[in-house]
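Chain by chain, the residues run as shown.
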Amino acid sequence: MIAIETRHETHIRSAENMKELPENSVDLVVTSPPYPMIGMWDTIFAKLDPAIAQALEEGTARKAFFLMHEKLDAVWEELPRLVKEGGIVCVNIGDATRSMNGRFELHPNAARITEKMLALGLSALPSVIWKKPTNAPNKFLGSGMLPVNAYVTLEHEQILIFRKGAPRFFETSEERRRRAESALFYEERNRLFSSFWEVGGKKQLLSGKNRERSAAFPLEIPLRLIRMFSVREDTVLDPFLGTGTTQFAAAMLGRNSIGFEIDASLVTDLSDTLASLPATSRDSIEGRIARHEDFVKSSKTPLHYRTEAGGIPVKTRQEEGIRFFMVQKTRRLEEGVHIVHHTEYPL
C-alpha cells in the first residue's frame with residue numbers, strides 16, 4: 001500500500017513578499033483575494049495605501065477602484081516567476097456594486113484582473129460562473145417594479161482561469177503515474193468542467209463572525225479546482241490564504257501547499273481544522289465512490305474498463321489508474337509548517 005507525505009507552509013505576511021519562493025516552484029494557484037470596492041475590505045486596502053482611504057472618504061469611486069487593484073497587481077506580478085510552465089492560476093472573484101456620491105455603479109473586478117493577467121503574459125482559459133446563496137428578501141435594487149432605473153441583483157461570482165505558457169507536459173514515468181492516479185471519473189469530469197456551478201450550502205471551514213470577516217469561499221470550490229488542475233503531490237499556492245480553505249483542500253487531496261495571509265487572526269483557525277482532516281478526507285473519498293457507483297448502476301451501456309486498484313467499473317481507459325489517498329494524521333513540524341500523512345484508500 002502506497003504512503004505519502006505532504007508539506008503545508010503558512011506565512012503570516014503580505015503575499016507581496018513571495019520573492020523568497022523559488023522560481024518555477026508552483027503547479028497551481030487557487031485563491032480568492034480581497035474584492036476591491038466591497039465595503040468589508042475597505043479597511044485593509046486603506047491600511048495598505050493612504051491614497052485609497054482618501055479616495056473613499058472623498059467618494060471618488062473609480063480612483064479607489066484602480067488604486068485597490070494596484071495593490072493586488074503587486075501579488076499577480078510574482079506569479080509568472082513562481083508558476084511552472086503549463087501551470088494554472090485560478091482566481092475566485094466577484095464584481096462589486098456600490099453607491100458613492102449618489103451614483104450607483106458596478107466595478108468590474110473580474111475584467112480588471114483578467115486585463116492584468118493578460119498583460120503579464122498568462123493565457124486566459126474559459127472561466128466558471130458559480131451561483132452563490134443569497135438571503136435577499138427580494139430580487140431588485142433601485143426603482144423596484146418601475147422601469148427603467150432598477151438594477152440586476154448580483155448572485156454569482158467568477159472563477160477566472162489562466163495558464164502559463166503551453167499545456168503541461170508530463171516528462172517522466174513517475175509524473176505520468178501520478179497523473180494517472182489523479183484521474184477523474186468520467187461523470188465527474190463532465191460535471192466539473194462546466195462553465196456554471198451551483199455550490200450553495202456546501203461545507204465551510206468557519207461559521208459566525210470569522211466567516212463573515214474572511215468571506216471564505218465554500219470548501220467545494222478549491223476541492224474541485226485542485227482535482228481539475230493538479231495531480232498528486234503537486235504544490236498549490238494561495239497568496240490570500242484567509243482561513244485556510246485552499247490549504248485544507250490541498251491537504252485532503254494529497255497535494256503540498258503554501259499560503260500567505262496578512263491577518264494572523266484568520267490563520268489561527270487552520271490549526272483547529274487540521275484535526276478533522278482524516279474524517280473529512282475519508283468522507284470525501286467515500287462520497288466520490290458512492291456517486292460513481294450510482295453512475296455505474298444508471299449507465300445504459302456496459303462499462304468495459306476496470307480500475308487497476310479495486311477493479312471498479314469505469315467508462316474510459318483513462319480512468320483505469322485512479323487511486324485515492326486519505327489522510328491518516330497530521331503533525332506540526334515547526335511554526336507555520338505542518339506535515340500530513342496519507343495512505344492509499346483500500347478499494
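What counts as what
Residues numbered from 1 in each chain as written. Predicted model: local features only at pLDDT ≥ 70, side-chain atom pairs only at ≥ 80, totals over all residues. Heavy atoms only, no water. Phe/Tyr/Trp six-rings, centres within 6.5 Å; stacked < 30°, edge-to-face > 60°. Buried < 20%, exposed > 50% of the residue type's maximum accessible area, 1.4 Å probe, protein only. Helix = DSSP H or I, 4+ residues; strand = E, 2+ residues; numbered from the N terminus. Arc of directions from axis to C-beta. 1 Å grid on protein atoms, 1.4 Å probe; cavity = no way out; pocket = protein on both sides within 12 Å on 5 of 7 lines; lining within 4 Å. Points joined across faces, edges and corners; volume = space filled by probe spheres on them. Nonpolar A, V, L, I, M, F, W, Y, C, P; charged D, E, K, R; others polar. Pairing = 2+ DSSP bridges. Axes fitted to C-alpha atoms, helices over the stretch in contact; angles between N-to-C directions. Contact = heavy atoms within 4.5 Å. Core = buried A, V, L, I, M, F, W, Y, C linked by side-chain atoms within 4.5 Å. Parallel < 35°, antiparallel > 145°, perpendicular 65-115°, else oblique. Left-handed = near helix turned anticlockwise from the far one by under 90°.

Draft legend 1. Representation of the packing of aromatic side chains within the structure. By the definition in use, this model includes 6 aromatic pairs. Pairing Phe 65 with Phe 66 gives two aromatic rings, centres 5.1 Å apart and planes at 75 degrees, and the pair type is edge-to-face. Owing to a relative accessible area of 5%, Phe 65 belongs among the buried residues under this scheme. Here Trp 76 and Phe 240 contribute two aromatic rings whose centre-to-centre distance is 5.7 Å and whose plane-to-plane angle is 70 degrees, an arrangement assigned as edge-to-face. In this pair, Trp 76 sits in helix α3 (residues 61-76) while Phe 240 sits in the loop between β9 (235-238) and α10 (245-252), placing the two residues 164 residues apart along the sequence. Take Trp 76 and Phe 240: they sit in the same class, and that class is buried.

Draft legend 2. How the structure looks around helix α5 (residues 109-119). Of the residues making up α5, those classed as buried are Asn 109, Ala 110, Arg 112, Ile 113, Lys 116 and Met 117. Across the axial projection of α5, the buried residues extend over an arc of 165 degrees, all falling on one side. Among the exposed residues of α5, those pointing more than 90 degrees away from its buried face are Glu 115 and Ala 119. Of the residues one or two after α5, Gly 121 is the one with positive phi, at around 95 degrees.

Draft legend 3. Molecular detail of empty space enclosed by the protein. For the structure on display, the rule yields 3 cavities of 30 Å³ or more. Taken as a whole, the largest cavity holds about 230 Å³ of empty space. Among the elements that take part in the lining of the largest cavity, helix α12 (residues 277-298) stands out by supplying 4 residues, more than any other. Partitioned by chemical class, the residues of the lining of the largest cavity number 8 nonpolar, 4 polar and 6 charged.

Draft legend 4. Quick look at the layout of surface pockets. Empty space within the second largest pocket amounts to approximately 1000 Å³. As for the second largest pocket, its lining consists of 33 residues, of which Arg 179, Leu 184, Phe 193, Arg 227 and Met 228 are closest to the centre. Mapped onto the lining of the second largest pocket, the elements with two or more residues apiece are β3 (83-93), β6 (123-131), β7 (156-163), α6 (173-181), α7 (186-192) and α9 (220-229). In terms of residue count, β6 provides more of the lining of the second largest pocket than any other element does, 4 residues in total. Looking at the lining of the second largest pocket residue by residue, the class counts come to 16 nonpolar, 9 polar and 8 charged.

Draft legend 5. Just the sheet that holds β6, in detail. Spatially, β8-β6-β7-β3-β2-β9-β10-β1-β14-β13 is the arrangement adopted by the 10 strands of the open sheet, whose pairing is mixed. Edge positions in the sheet fall to β8 (196-198) and β13 (325-334), since each has one partner strand and no second. Across the sheet, the axes of successive neighbouring strands diverge by a mean angle of 20 degrees, strand direction being ignored. The pairing of strand β1 (residues 3-11) with strand β14 (residues 337-344) spans 7 bridges and is antiparallel. Its bridge partner being in β14, Thr 6 is matched across the sheet by Val 340. Strand contacts of α9: β2 (26-31), β3, β6, β7, β8 and β9, with the helix running at about 155 degrees to β2, the strand carrying the most contacts. Across the sheet, α12 touches β13 and β14, and the angle it forms with β13 is around 155 degrees.

Draft legend 6. A look at the nonpolar core. The biggest cluster of nonpolar side chains holds 38 residues, and the ones touching the most others in it are Met 18, Trp 76, Leu 79, Val 89, Met 117 and Leu 237. Setting aside residues up to four positions removed in sequence, Val 89 forms contacts with Val 29, Leu 79, Val 83, Met 117, Leu 122, Leu 160, Ile 161 and Phe 162.

Draft legend 7. Main features of α10. In terms of burial, α10 is largely enclosed, as 8 of its 8 residues are buried. Along α10, the residues classified as buried are Thr 245, Thr 246, Gln 247, Phe 248, Ala 249, Ala 250, Ala 251 and Met 252. Of the residues one or two after α10, Gly 254 is the one with positive phi, at around 75 degrees.

Draft legend 8. Highlighting the packing of α10 against α12. For the pair α10 and α12, the least separation of the axes is 10 Å and the interaxial angle reads 65 degrees. Accordingly, the angle class assigned to the pair α10 and α12 is roughly perpendicular. With respect to the hand of their crossing, α10 and α12 are arranged in right-handed fashion. Contacts between α10 and α12 involve Phe 248, Ala 251 and Met 252 from the first element and Leu 277, Thr 280, Ser 281 and Ser 284 from the second. Its residues assigned to classes, the contact of α10 with α12 comprises 4 nonpolar, 3 polar and no charged.

Draft legend 9. Structural detail: the environment of Lys 131. Tracing the backbone through its elements, the reader meets Lys 131 in strand β6. Of the residues examined, Lys 131 reaches a relative accessible area of 31% and is grouped as partly exposed. Along the primary structure Lys 131 and Phe 196 are separated by 65 residues, whereas in three dimensions their C-alpha atoms are 7.7 Å apart.

Draft legend 10. Inspection of the pairing of β9 at higher detail. Covered by surrounding structure in β9 are Thr 235 and Leu 237 together with Val 236 and Asp 238, the residues of both alternating faces. Relative to β9, β2 runs parallel, the two being bridged by 2 bridges. Bridging across to β9, Val 29 finds its partner in Leu 237. Examined bridge by bridge, β9 and strand β10 (residues 256-260) share 4 bridges and lie parallel to one another. The residue bridging Leu 237 from the neighbouring strand is Ile 258, located in β10.

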